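# Commentary on secondary and tertiary structure
Here's the letter readout for the chains.
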Amino acid sequence: MARGVALRCCNGRKSSTLLYSSIAKVSLSFSPKTLFASFPIQPRRQSFSRLFCNLSSVPNTVDEKKYKEVFNRRMAMAGLKPHHRIALGVSGGPDSMALCVLTAKWKTEGLSGVSKTDGFIDGLVAVVVDHGLRQESRDEAELVCSRVSDMGIRCEIARCDWVNGRPKQGHLQEAARDMRYQMISNVCFRQQIGVLLIAHHADDQAELFILRLSRGSGVLGLAGTSFASEIFSQDLELDMKNRSILLVRPLLDLWKEDMYKICQWGRQDWVEDPTNLSQLYVRNRIRTSIGNLQSDTFKSELQAVISECRRTRSFVDKVCTDLINQTVSVTDKGYAVLDLERLNPTEVKDICLSKYLTAVLQFISQRQRPIRGNTLKLLLNYIRAIPCRTSLTAAGCYLSPAPGSKGTKVIVSCFLDSSLPSKTEILNICFNEAQKRPTSDDFGQIISAAKTFSDQNRVSDVQFLDAASESVLSKARELNLLSESTYTTIGLLQRDETNRFITKKEDKTVDESEDHGTNIASSSNKVHLLPGRDLYLMNRLLIRWDLSSHQCDEARCGKCPVRTATTMEVRHMVESDWLYLAELSRSLNRNHSTSSSHKALRSLKSIPAAARRSLLVLVNHCGLLLSVPVIGFSYCPCLKASTVFLPRVPLGGGFSSFL
């Protein structure tokens, strides 16, 4: 969303003038009576809480060549070329309008430029999100969409539907941001667009640095937002081959004042949102404080510290990726095996080992939450105690020594207490192969090119590898990245925001218990699956059952428990299930269930007991175990069932770059 105060616009209009301190040379003015003259808008639309600002003339200080070079270089770093299909996240503010200007010029100019169809630039779509949190938001979104369309960019409005009600005031900005990303990414997935550009810039990184510094973040957190990263679809009804898009922030080398200049250079109007000045929100407070203190020296030195944090983050990410490739084996049963001898955890630095363990546990549990504090310390101590002789439950996972490894290998499985995922995490989906559209290899090529560039520019000489959160600034001063005055200023900003940040343990406990309740349902909840349907559980397991063409003897008598079942209950395996399989295998009857249980038990013995509890089973309404698909057990030949380990987010979280 746009930030700052209203500026001056002209075009011969009579108006008052408001000065923006950081760009005093760039003046704009507005007149409420003529502000919307070029758009057929009803009078009721003039009650907007956001202010639409118009242009005066292009200032002489705009360096068009510099902006183009900076943008083009960043796009190349992301592996992007003008013919690629790209989406833009647009709010109508100076940041996103500047992004529109630069992207449109990059798309159309040069030898590899693309053409236009019906007046619109091919392969470029802007997405405006109407959060629906204010009465006038619909009209504002339509006006922004109209202005973006006038630039030759196709534009789509995504309207939010707050199913669970409007978010609370204290979490409003965070909830709106999450919803915004979800809505924009949904448009990308639906239109099979593989790349999304967002207009974050250097000022945003500076604000985030101060915010995270005040919250005690480590070096990896102080690196800020990534330059490029994959985000993954939560909707499996989409094409399973393309479940991620690349989010790119090509404006990170530019500052807020550059956004205004680029808008003027492109002769584009923008939106200024007065609510972004409200001191109720932490980002707004930090933004105001930095704006009051900012100078060229302050900005350049702060940027140098952030850059060093990002270099450290890139180095740690590479070490983590190498360790995963060398020491982690993932089974089709949904658990991982860590080779401690190859890992040699006592020789791995804390920051790298922490990232490694977090990546593995997040992958197995599919809970994309950071692991911090005592939990992380417990994990570090556990993994460094070789040979491993004990078990540990942490971050939704169960860690235990691998059978027969003499403590040199650790099993990491999803921790379950036999309760079922809530209905909010269950998707009944039916894939129709005939409806799938052909996919392009462009996305794979983009990721490959971005990885190559990232690997070629990654450095091994980093300065903050051993720096704790509280020592980053001191280390930066020792390295002459910060002058004494900038060091003092950042320290004051940090302390000021830290003093405002009050954590109430009792409130946190309530929040955590509520969050836990939305992810795990009580054991009384039952999940049923119809034949021929797919059920996706916990962002990691896909299960399906149907009737086969075979018929058992009981089916001919109308007594087959499979043929008579209209639905089956899906649950996780419990100890009584493998005891039942053992009982079946000892049966004197030479029927299908006996032979199937024999084979299933042989397979089950190779799976550690802890991992068995994460396996899915199918039972009928009487509780009779009919199938354990992953080990090949079926009660009778009438049933065919399958389970696939299909994690939504891959091991390591997908591609990301902090260049």
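For the structure itself, look to the data block above.
Residues numbered from 1 in each chain as written. Predicted model: local features only at pLDDT ≥ 70, side-chain atom pairs only at ≥ 80, totals over all residues. Heavy atoms only, no water.

Once that is clear, we can look at unusual backbone geometry. Following isoleucine 386, the chain continues to proline 387 via a peptide bond in cis, the omega torsion being 0 degrees. For asparagine 539, which is not glycine, the phi dihedral falls at a positive 60 degrees.

Backbone hydrogen bonds are what pair the strands of a sheet, in a parallel or an antiparallel way. The strand order S17-S20-S21-S22-S23 describes an open sheet built from 5 strands, whose pairing is antiparallel. Of all the strands in the sheet, the pair left with one neighbour each is strand S17 (527-529) and strand S23 (633-634). The pairing of strand S20 (residues 568-572) with strand S21 (residues 616-619) spans 4 bridges and is classified as antiparallel. Considered in S21, the bridge of arginine 571 is made with valine 617. Its contacts with the sheet put helix H18 (residues 575-585) on S20, S21, strand S22 (625-628) and S23, and the angle it makes with S22 is roughly 100 degrees. (Pairing = 2+ DSSP bridges. Helix = DSSP H or I, 4+ residues; strand = E, 2+ residues; numbered from the N terminus. Contact = heavy atoms within 4.5 Å. Axes fitted to C-alpha atoms, helices over the stretch in contact; angles between N-to-C directions.)

What follows deals with the sheet that holds strand S14 (residues 397-401). As summarised here, the arrangement of the 5 strands in space is S11-S12-S15-S14-S13, forming an open sheet in which the pairing is antiparallel. The outermost strands of the open sheet, each flanked by one partner alone, are strand S11 (328-330) and strand S13 (392-394). Adjacent strand axes in the sheet meet at a mean angle of 20 degrees, parallel and antiparallel pairs treated alike. Both S13 and S14 contribute to a ladder of 3 bridges, which runs antiparallel. Bridge pairing in S14 links leucine 392 to leucine 399. In this fold helix H9 (residues 296-327) packs onto S11 and strand S12 (336-339), with an angle of close to 60 degrees to the strand it touches most, S11. Each of S11, S12, S13, S14 and strand S15 (409-414) touches helix H11 (residues 350-365); the most contacted strand, S15, lies at about 45 degrees to it.

Right, let's talk about the packing of helix H5 (residues 202-214) against helix H8 (residues 282-293) for a bit. For the pair H5 and H8, interaxial distance at closest approach is 9 Å and the crossing angle is 110 degrees. In terms of orientation, H5 and H8 fall into the roughly perpendicular class. In the crossing of H5 with H8, the sense of the turn from one axis to the other is right-handed. Residues Asp204, Ala206, Glu207, Leu208, Ile210 and Leu211 of H5 form the contact with H8, whose own contacting residues are Val282, Arg283, Ile286, Arg287 and Ile290. Per-class residue counts for the contact of H5 with H8 are 7 nonpolar, no polar and 4 charged. (Parallel < 35°, antiparallel > 145°, perpendicular 65-115°, else oblique. Left-handed = near helix turned anticlockwise from the far one by under 90°. Nonpolar A, V, L, I, M, F, W, Y, C, P; charged D, E, K, R; others polar.)

To continue, consider the environment of valine 101. Relative to the helices and strands, valine 101 is located in helix H2 (residues 94-108). The class for valine 101 is buried, based on a relative accessible area of 4%. Residues valine 101 and glycine 266, spaced 165 residues apart in sequence, show a C-alpha to C-alpha distance of 5.9 Å. Here valine 101 is in contact with Met151, Ile262, Trp265, Gly266 and Gln268, once residues within four sequence places are set aside. (Buried < 20%, exposed > 50% of the residue type's maximum accessible area, 1.4 Å probe, protein only.)

Turning our eyes to something else, we now look at the packing of aromatic side chains. Taken as a whole and judged by the stated rule, the model has 3 aromatic pairs. Taking the centre distance of 6.4 Å and the plane angle of 75 degrees together, the rings of phenylalanine 71 and tryptophan 106 count as edge-to-face. Of this pair, phenylalanine 71 sits in helix H1 (residues 64-77) while tryptophan 106 sits in helix H2, placing them 35 residues apart in sequence. Neither residue differs from the other here; phenylalanine 71 and tryptophan 106 are each classed as buried. Relative to phenylalanine 645, the ring of phenylalanine 363 lies with its centre 5.8 Å away and its plane at 80 degrees, an arrangement referred to as edge-to-face. In this pair, phenylalanine 363 sits in helix H11 while phenylalanine 645 sits in strand S24 (residues 639-645), placing the two residues 282 residues apart along the sequence. The residues phenylalanine 363 and phenylalanine 645 share a single accessibility class, namely buried. Over the ring of tryptophan 255 we find lysine 299, and its NZ or CZ is 4.8 Å from the ring centre. In this arrangement the basic side chain of arginine 612 is found over the ring face of tryptophan 578, its NZ or CZ atom lying 5.2 Å from the centre. (Phe/Tyr/Trp six-rings, centres within 6.5 Å; stacked < 30°, edge-to-face > 60°. Lys NZ or Arg CZ within 6 Å of the ring centre and 35° of its normal.)

Membership of the largest hydrophobic core comes to 85 residues, with the highest contact counts inside it found for Phe209, Tyr356, Ile383, Val410, Val412 and Ile490. Counting residues domain by domain, this core receives three or more from each of domain 1 (55-294) and domain 2 (527-645). Leaving out residues up to four positions away in the same chain, phenylalanine 209 has contacts with Leu222, Leu302, Val305, Ile306, Cys309, Leu473 and Ile490. Counting residues in hydrophobic clusters, the runner-up holds 51 residues, among them Met77, Leu251, Cys263 and Ile447. (Core = buried A, V, L, I, M, F, W, Y, C linked by side-chain atoms within 4.5 Å. Domains from an automatic or database assignment.)

What follows deals with the environment of isoleucine 386. Its place among the elements puts isoleucine 386 in the loop between helix H12 (373-384) and S13. When the C-alpha positions of isoleucine 386 and threonine 408 are compared, they lie 6.7 Å apart, and in sequence the two are 22 residues distant. Non-local contacts of isoleucine 386, meaning those with residues more than four positions away in its chain, are made with Leu340, Pro345 and Gly407.

Turning next to the environment of lysine 640. For lysine 640, the location among the structural elements is in strand S24. Placed 109 residues apart in sequence, lysine 640 and proline 531 show a C-alpha to C-alpha distance of 9.9 Å. Not counting residues within four places of it along the chain, the set of residues in contact with lysine 640 comprises Arg544, Trp545, Asp546, Leu547 and Ser548.

Time to look at the pattern of salt bridges. If charged atoms from side chains of opposite charge come close, those side chains can pair. Evaluation of the coordinates by the stated rule reveals 26 salt bridges. Across the pair lysine 256 and aspartate 95 runs a salt bridge whose closest N-O atoms are separated by 2.9 Å. With lysine 256 in helix H7 (residues 256-265) and aspartate 95 in helix H2, this pair connects stretches of sequence that are 161 residues apart. Overall, the relative accessible area of 6% leaves aspartate 95 in the buried class. For the salt bridge of arginine 283 with glutamate 207, the shortest nitrogen-to-oxygen distance reads 3.5 Å. Of the two residues, arginine 283 is situated in helix H8 and glutamate 207 in helix H5; the sequence distance between them amounts to 76 residues. Where salt bridges share partners, they join Arg73, Arg74 and Asp253 into one cluster. (Salt bridge = Lys/Arg side-chain N within 4 Å of Asp/Glu carboxyl O.)

Side-chain alternation along S21 places Leu616 and Leu618 on one buried face and Val617 and Val619 on a second face that is also buried. Taken together, the 2 bridges between S21 and S22 define a ladder with antiparallel strand orientation. Residue pairing for S22: leucine 618 is matched across the bridge by serine 627.

Given 3.6 residues per turn, any residue in an α-helix points the same way as the ones three and four places further on. If you check helix H3 (residues 137-150), its first and last C-alpha atoms are 20 Å apart, about what 14 residues at 1.5 Å a residue would give, namely 20 Å. Ser137, Asp139, Glu140, Ala141, Leu143, Val144, Cys145, Arg147 and Val148 are the residues of H3 that are buried. With its phi angle positive at about 90 degrees, glycine 152 sits one or two positions after the end of H3. (Expected span 1.5 Å × (residues − 1).)

What follows is about the packing of H18 against helix H19 (residues 592-605). Relative orientation of the contacting elements H18 and H19 amounts to 130 degrees, with a least axis distance of 8 Å. Considering their axes alone, H18 and H19 lie oblique with respect to each other. For the element pair H18 and H19, the recorded crossing hand is left-handed. Residues Trp578, Leu581, Ala582, Leu584 and Ser585 of H18 lie in contact with H19, whose contacting residues are Ser593, Thr594, Ser597, His598, Ala600, Leu601 and Leu604. Partitioning the contact of H18 with H19 into residue classes produces 7 nonpolar, 5 polar and no charged.

These figures come from the coordinates and say nothing about function on their own.
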